Amino acid sequence: MSEKSSSSGSDEDVDPESGQPVEFGGVLSKWTNYIHGWQDRWVVLKNNTLSYYKSEDEREYGCRGSLCLSKAVITPHEFDECRFDISVNDSVWYLRAEDPEHRQQWIESIELHKAESGYGSETSLRRHGSMLSLTSAASALSSTSTSSFKKGHRLREKLAEMETFRDILCRQVDTLQKYFDSCADAVSKDEFQRDTVEEDEDEFLTTARPDGEHNHNNNGSKEKLFSPASPKGINGIDFKGEAITFKATTAGILSTLSHCIELMVKREDSWQKRLDKELEKRRRAEDAYKSAMNELKKKSHYGGPDYEEGPNSLINEDEFFDAVEAELDRQDKIEEQCQSEKVRTPRPALVSPADVFSSIGTHQFANKVEEMVQNHMTYSLQDVGGDANWQLVIEEGEMKVYRREVEENGIVLDPLKATHSVKGVTGHEVCHYFWDTDVRNDWETTIDNFNVVETLSDNAIIVYQTHRRVWPASQRDVLYLSAIRKILATNENDPDTWLVCNFSVDHDKAPPTNRCIRAKINVAMICQTLVSPPEGDKEISRDNILCKITYVANVNPGGWAPASVLRAVAKREYPKFLKRFTSYVQDKTAGNPILF
């Protein structure tokens, strides 16, 4: 849209008396928003302030918005010859004149007002025009202060605005004071003239004086014929305009103060958050320092042999337990990292003929193996429900762990029994991975190292292994015979049973040493496979099989570890071992042919 009327203002842009730019106004098209686009507005340039109204007739209702030009940037549009933009901080007005000549006239007038006013100079203390209303001040603040507040212009800009408002307010106070002084002088002159009239009343009896200053009314009294003062009658001051401007300035001060307070509150909140973060960092650093110092004291305190496991250890039972638990936690974390980084090499399951696992063997320990197998088949599979000596210590889903407390010469010999059901695997597969030393390190996390001392037969070997030390306990080793057997069912309705038994033996190639305490074990893994009939003519899949596991362990740890510590460790570690091992078997057998 284009300019509809010519700009108001004289040919001379500067008032010859005051030397200041005169008021300049006219219709310009202003961009409102994306819905209404360009709209004609009456724009007034006066006293370093650019204000706009909906129309020239609505000037008395106050402006719709205004910009202080002290820090304004005027940018002629690169392609549109009639358009120019005015920006103050982050507030931008997009304006269009009727033609390029009018655009240039507006730009020159705005630049002249900027040059004559100067931000913070003496001339900037000139009062704003009477037409600057409270509405215009609020609009200007909303278009400048609020936008700059949103974009991050901080307290410095707000303080500069406050300085400007202070200067303007001081100038307005001086102007209003002059007005009030002039009013007071006028009142004094009026009273003096009244007194003079009263003194001359007796001398002048005529009905009217020659100068027409007094006149008798019908009641015989006199009236003073002073002409009423016009709004600009005293020193040319527009009192109404000054009062409105004064209100607008004070409103601007209050609004800017409000923004200053908001900025300071936000800044205070920001610094408070930073302070809280620093205090939290300091607290954590102090806690870490204290913890490190305590650990250092413990290590230096417990560094000698008197504070390790032994008959005359100076470490008490609670300290022993805390140290063992902390060391187990540390080893668990290390193991989790190792498991996530470990790349397992797939190994084919070596299937030997069934009669190999069913034979008793002819080696020197054959009779002992047969005895152990029969004992486990007789006693280990018995139900523990009616035996009051067995205590249920752990129950997690299908897994139940029982314990019976037994001590001999102060050494904990608690038998342990666990039952578990695992879907998708067979008893043969579970026992195979439990017995096969080639995959031992894939699932066993407590072993430091091991080696096969002697291979007795295809289903029996002698193994020596050392377990990781859990400080302050001494390191343990164990020498045991490991045998895997298939127990054929005597009844066709009963499932076949697979068994692995590990029990301690002596061997010349692995005698006890002073470096480790030799533990004695008698462990059995007994597995039975249950098969549910598949639907229709479908083949049996892993969804149709379930392995029932019974795990028994009788361990004599030797040494001098406290009984409460050994029981706590057993309660913690055995369920973890059983879950870890069965999950490993499920992962290894998934997608492979079923090994019955």
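Please read these numbers as outputs of a predicted model, since none were measured by experiment.

1. Side note on the pattern of salt bridges
Next up, step 1: Using the criterion set out here, one finds 19 salt bridges in the structure.
Next up, step 2: What you see here is one network of salt bridges that share partners, running through R403, E405, E407, D414 and R567.

2. Regarding the sheet that holds strand 4 (residues 65-68)
Strand pairing in a sheet takes place through backbone hydrogen bonds and is either antiparallel or parallel in direction.
Next up, step 1: Across the sheet, which stays open at both edges, the 7 strands sit in the order 4-3-2-1-7-6-5 with antiparallel pairing between neighbours. Of all the strands in the sheet, the pair left with one neighbour each is strand 4 and strand 5 (73-76). With direction set aside, neighbouring strand axes in the sheet form an average angle of 35°.
Next up, step 2: Bridge analysis of strand 6 (residues 83-88) against strand 7 (residues 91-96) gives 6 bridges, and the strand direction is antiparallel. Bridge pairing in strand 7 places D85 opposite Y94.

3. Let's talk about a negative patch on the surface
Next up, step 1: Taken together, the side chains of E317, D318, E319, D322 and E325 present a region of like negative charge at the surface.
Next up, step 2: Mapped onto the secondary structure, D322 falls in helix 5 (residues 317-341).

4. Some points on a positive patch on the surface
Next up, step 1: A cluster of basic side chains, namely K273, R274, K277 and K281, defines a positive patch on the protein surface.
Next up, step 2: As for its placement among the helices and strands, R274 is situated in helix 4 (residues 239-301).
Next up, step 3: On the accessibility criterion, R274 (48% relative accessible area) is partly exposed.

5. Side note on the packing of aromatic side chains
Next up, step 1: Across all of its chains, the model carries 12 aromatic pairs by this definition.
Next up, step 2: A centroid spacing of 5.6 Å and a plane angle of 70° characterise the contact between W31 and W38, whose relative ring orientation is edge-to-face.
Next up, step 3: Take W38: its relative accessible area is 22%, and that puts it in the partly exposed class.
Next up, step 4: Ring pairing ties together the aromatic residues F434, W443, Y551, Y574, F577 and F581, which thus form one cluster.
Next up, step 5: Between R59 and the ring centre of Y53, over which it is positioned, the NZ or CZ distance is 5.6 Å.
Next up, step 6: The ring centre of W390 lies 4.7 Å from the NZ or CZ of R404, which sits over that ring.

6. Quick notes on the packing of helix 8 (residues 427-435) against helix 10 (residues 563-589)
Next up, step 1: It is the contact of helix 8 with helix 10, at a shortest axis distance of 10 Å, that shows an interaxial angle of 110°. The angle between helix 8 and helix 10 places the two elements in the roughly perpendicular class. Of the two elements, helix 8 crosses helix 10, and the hand of that crossing is right-handed. Counting all contacts with helix 8, which are made through E429, V430, Y433 and F434, the residues of helix 10 involved are F577, F581, Y584, V585, K588 and T589.
Next up, step 2: Residues belonging to the contact of helix 8 with helix 10 are distributed by class as follows: 7 nonpolar, 1 polar and 2 charged.

7. Section: the pairing of strand 14 (residues 416-423)
Next up, step 1: For strand 11 (residues 399-403) and strand 14, the ladder comprises 4 bridges, and the chain directions are antiparallel. Bridging across to strand 14, Y402 finds its partner in K417.
Next up, step 2: Sheet analysis places strand 14 next to strand 21 (residues 545-556), joined by 8 bridges and oriented antiparallel. Looking at the pairing, A418 lines up with Y551 of strand 21.

8. Observations regarding the nonpolar core
Next up, step 1: One finds V430, F434, M525, Y551, F577 and F581 to be the most contacted residues of the largest nonpolar core, which totals 34 residues.
Next up, step 2: Contact partners of F581, with chain neighbours within four places excluded, come to V430, Y433, F434, W443 and M525.
Next up, step 3: Formed by 20 residues, the second largest nonpolar core is a distinct cluster that contains L456, A524, I526 and V552.

9. What to know about unusual backbone geometry
Next up, step 1: Unusually for a residue other than glycine, N47 sits at a positive phi of about 50°.
Next up, step 2: Positionally, N47 belongs in the loop between strand 2 (38-46) and strand 3 (49-53).

10. Thoughts on a nonpolar patch on the surface
Next up, step 1: On the surface, a cluster of nonpolar side chains totalling about 260 Å² of accessible area is made up of I261, M264 and V265.
Next up, step 2: Tracing the chain through its elements places M264 in helix 4.

11. Details of the side chain of D414
Next up, step 1: Here D414 lies in the loop between strand 13 (411-412) and strand 14.
Next up, step 2: Take D414: its relative accessible area is 11%, and that puts it in the buried class.
Next up, step 3: From its side chain, D414 meets the backbone nitrogen of V406 in a polar contact 2.6 Å long.
Next up, step 4: Among the polar contacts made by the side chain of D414, one reaches the side chain of R567 at a distance of 2.5 Å.
Next up, step 5: With near-sequence residues (within four places) excluded, D414 lies in contact with R403, R404, E405, V406, A553 and R567.

12. A few points about the confidence of the model for the chain
Next up, step 1: In the predicted model, the chain carries a mean pLDDT of 76, and 71% of its residues have values of at least 70.
Next up, step 2: Scored below 50 in pLDDT, residues 119-153 makes 94 contacts in the model with residues more than four places away or belonging to other chains.
Next up, step 3: Confidence drops under a pLDDT of 50 for residues 212-234, and excluding neighbours within four residues, the segment shows 35 contacts in the predicted structure.

Rules used in this analysis
- Residues numbered from 1 in each chain as written.
- Predicted model: local features only at pLDDT ≥ 70, side-chain atom pairs only at ≥ 80, totals over all residues.
- Heavy atoms only, no water.
- Salt bridge = Lys/Arg side-chain N within 4 Å of Asp/Glu carboxyl O.
- Pairing = 2+ DSSP bridges.
- Helix = DSSP H or I, 4+ residues; strand = E, 2+ residues; numbered from the N terminus.
- Axes fitted to C-alpha atoms, helices over the stretch in contact; angles between N-to-C directions.
- Patch = residues over 30% accessible without salt bridge, like charges linked within 9 Å, V, L, I, M, F, W, Y side chains within 5 Å.
- Areas by Shrake-Rupley, 256 points an atom, 1.4 Å probe, with all protein chains shown as cover.
- Lys, Arg positive; Asp, Glu negative; His and termini not counted.
- Charge placed at Lys NZ, Arg CZ, Asp CG, Glu CD.
- Buried < 20%, exposed > 50% of the residue type's maximum accessible area, 1.4 Å probe, protein only.
- Phe/Tyr/Trp six-rings, centres within 6.5 Å; stacked < 30°, edge-to-face > 60°.
- Lys NZ or Arg CZ within 6 Å of the ring centre and 35° of its normal.
- Parallel < 35°, antiparallel > 145°, perpendicular 65-115°, else oblique.
- Left-handed = near helix turned anticlockwise from the far one by under 90°.
- Contact = heavy atoms within 4.5 Å.
- Nonpolar A, V, L, I, M, F, W, Y, C, P; charged D, E, K, R; others polar.
- Core = buried A, V, L, I, M, F, W, Y, C linked by side-chain atoms within 4.5 Å.
- Polar contact = N/O pair within 3.5 Å; in protein donor to acceptor, adjacent residues only side chain to side chain.
- pLDDT = per-residue confidence, 0-100.

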